[in-house]
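Residues per chain, in single letters:
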Amino acid sequence: MSEKHKEPRRAELLKQLREEHHETVERTKALLKTQKEIRRQICQATREAPKSVPEIAEATGLPAGDILWYLTAMRKYGDVIETGMCGEYYLYQRVEEAKK
């Protein structure tokens, strides 16, 4: 079967999969939207000056454990950096702001 003849079948299979997994796709979209919003809040909180996990948690209203999880991922991907320490806590700041 040529590639041209496979395309309608492939399109039909993809449509069927989207319909079968509609709920999963919608849940995933909602989760990604929530995660993006949390990352935005963390970036906003660290825009003016470096902040510790408790300070970011207070500014965002989110649990410190969640903030630490997000900061770890954001640090891994180069979105935030550690800029020092305040007592026992590391200070985090957006990479763009730290370069200024």
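## Quick look at the side chain of Arg94
Moving on, step 1. Take Arg94: it is sitting in strand E2 (residues 89-94).
Moving on, step 2. Since its relative accessible area comes to 13%, Arg94 is described here as buried.
Moving on, step 3. Ignoring anything within four residues of it in the chain, the contact list for Arg94 reads Cys43, Thr46, Arg47, Asp79 and Val80.

## What about the packing of helix H3 (residues 53-60) against helix H4 (residues 64-76)?
Moving on, step 1. Running from N to C, H3 and H4 cross one another at 110 degrees; their axes reach a closest spacing of 9 Å. For the element pair H3 / H4, the angle class is roughly perpendicular. Note that H3 runs across H4; the crossing there is right-handed. Residues Val53, Ile56, Ala57 and Thr60 of H3 pack against Ala64, Ile67, Leu68 and Leu71 of H4.
Moving on, step 2. Each residue belonging to the contact of H3 with H4 can be placed in one class, and the counts come to seven nonpolar, one polar and no charged.

## Digging into the pattern of salt bridges
Moving on, step 1. The full count for this structure, using the stated rule, is three salt bridges.
Moving on, step 2. For Glu26, the salt bridge identified is with Lys29, shortest N-O distance 3.8 Å. Of the two residues, Glu26 and Lys29 are both situated in helix H2 (residues 22-45); the distance of three residues between them amounts to about one turn of the helix.
Moving on, step 3. Taking the relative accessible area as the measure of exposure, Glu26 reaches 35% and is therefore partly exposed.
Moving on, step 4. Arg75 serves as the salt-bridge partner of Glu82, at 3.6 Å between the closest nitrogen and oxygen.

The rules behind these values
Residues numbered from 1 in each chain as written. Predicted model: local features only at pLDDT ≥ 70, side-chain atom pairs only at ≥ 80, totals over all residues. Heavy atoms only, no water. Helix = DSSP H or I, 4+ residues; strand = E, 2+ residues; numbered from the N terminus. Buried < 20%, exposed > 50% of the residue type's maximum accessible area, 1.4 Å probe, protein only. Contact = heavy atoms within 4.5 Å. Axes fitted to C-alpha atoms, helices over the stretch in contact; angles between N-to-C directions. Parallel < 35°, antiparallel > 145°, perpendicular 65-115°, else oblique. Left-handed = near helix turned anticlockwise from the far one by under 90°. Nonpolar A, V, L, I, M, F, W, Y, C, P; charged D, E, K, R; others polar. Salt bridge = Lys/Arg side-chain N within 4 Å of Asp/Glu carboxyl O.

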